[in-house]
Amino acid sequence: QYRGVQNLSASLDVIASRYPMPSKIFLTGNSAGGAGVHYALPLVRKLYPEVEIEVVNDSGMGVRVQSSDGQISFADYWNSHAFFPASCNTCIAEDGTLNGYFSYQLSEDENMCMAFISSKQDEVISVGMVGGGPAYEEYLLGVTADLNEAYPERFKSLVANGAEHTFIIRQFNYSIASTTVKQWITDMLSESEDWVSKSD
């Protein structure tokens, strides 16, 4: 049904041939692509074992996918179980969430920073959760708090009130907690002290 791995692999072959020695890599995706960056990360790391990678998941902290058979996890929906190391028993939680995978990636790769951008009750992502927007907000704030506490130097989040879905492509100048998405990303890439977790 999907050709994501083939498309990504072909793209990375071209990128690696044209940019064999980048000083830094910015890896980001929106919506389903936000979730996809976590699958792309190990492939990018294999090609560039020593390069610093900045990962930004924009509105892709999905939990469930609605299908004709009800709710299923992203791993089942995308048939992506092969991406999870056998040693990572907590990469996929019993409820299908990938909190453990995010944490595993941060723990295994110290030359990588990770950021989440989302609204508290994302109108697209929250559809996949029992309890809708309020349930997604509770999940999102819990995950970001846990990761920020565990990896305070390498994980940050930017969380807006409301139900907006995706920011980097659609509304790069969107204001969240007295900054814009654009400025926050700029602070991340420039390793500014102003790059901190913020929430409306």
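Parameters and conventions
- Residues numbered from 1 in each chain as written.
- Predicted model: local features only at pLDDT ≥ 70, side-chain atom pairs only at ≥ 80, totals over all residues.
- Heavy atoms only, no water.
- Helix = DSSP H or I, 4+ residues; strand = E, 2+ residues; numbered from the N terminus.
- Buried < 20%, exposed > 50% of the residue type's maximum accessible area, 1.4 Å probe, protein only.
- Lys, Arg positive; Asp, Glu negative; His and termini not counted.
- Salt bridge = Lys/Arg side-chain N within 4 Å of Asp/Glu carboxyl O.
- Contact = heavy atoms within 4.5 Å.
- Phe/Tyr/Trp six-rings, centres within 6.5 Å; stacked < 30°, edge-to-face > 60°.
- Axes fitted to C-alpha atoms, helices over the stretch in contact; angles between N-to-C directions.
- Parallel < 35°, antiparallel > 145°, perpendicular 65-115°, else oblique.
- Left-handed = near helix turned anticlockwise from the far one by under 90°.
- Nonpolar A, V, L, I, M, F, W, Y, C, P; charged D, E, K, R; others polar.
- Arc of directions from axis to C-beta.
- Pairing = 2+ DSSP bridges.
- Right-handed = clockwise from strand over helix to strand, strands pointing away.

(A) Looking closely at the side chain of Lys120. Note that Lys120 resides in the loop between β5 (112–119) and α5 (132–150). Buried within the structure, Lys120 lacks any salt-bridge partner; Glu137 is the closest side chain of opposite charge, at an N-O distance of 4.6 Å. Among all residues touching Lys120, those that are not within four sequence positions of it are Gly133, Tyr136, Glu137, Leu140, Val159, Ala160, Asn161, Gly162, Ser199 and Asp200.

(B) Region of the structure containing the packing of aromatic side chains. Throughout the structure, instances matching the rule amount to 9 aromatic pairs. Between Tyr39 and Phe84 the ring centres are 5.8 Å apart and the planes differ by 75°, which places this aromatic pair in the edge-to-face class. Here the residue Tyr39 occupies a position in helix α2 (residues 32–47), and Phe84 occupies one in the loop between α3 (74–78) and α4 (99–108), the gap between them amounting to 45 residues. Per residue, the accessibility class of Tyr39 equals that of Phe84, and both read buried.

(C) Structural view of the packing of α4 against α5. Contact pair α4 / α5: the axes reach a minimum separation of 11 Å and the direction vectors enclose 20°. Considered as vectors, α4 and α5 are oriented roughly parallel to each other. Note on packing geometry: the crossing formed by α4 with α5 is right-handed. Across the interface between the two elements, Asn99, Phe102, Ser103 and Leu106 from α4 touch Tyr139, Val143 and Leu147 from α5. Of the residues contributing to the contact of α4 with α5, the split by class is 5 nonpolar, 2 polar and no charged.

(D) Local environment of helix α6 (residues 181–189). Buried within α6 we find Val181, Trp184, Ile185, Asp187 and Met188. Seen from one end, α6 has its buried residues packed into an arc of 160°, which puts them on one side. Check the buried side of α6 and you find it contacts β1 (24–30), β2 (52–58), β5, β6 (155–160), β7 (175–176) and β8 (179–180). Positive backbone phi, approximately 55°, marks Glu191, located one or two places after α6.

(E) View of the pairing of β6. Among the 6 residues in β6, 6 count as buried, and that is most of the element. Here β6 shows a buried face lined by Phe155, Ser157 and Val159 and a second buried face lined by Lys156, Leu158 and Ala160. As paired strands, β5 and β6 are joined by 6 bridges and run parallel to one another. Note on β6: the bridge partner recorded for Ser119 is Ala160. Between the parallel pair β5 and β6, the chain is carried across by α5, and the sense of this crossover is right-handed. Of the strand pairs in this sheet, β6 and strand β9 (residues 198–199) are connected by 2 bridges, and their pairing is parallel. Across the sheet, Val159 pairs through a bridge with Ser199, a residue of β9.

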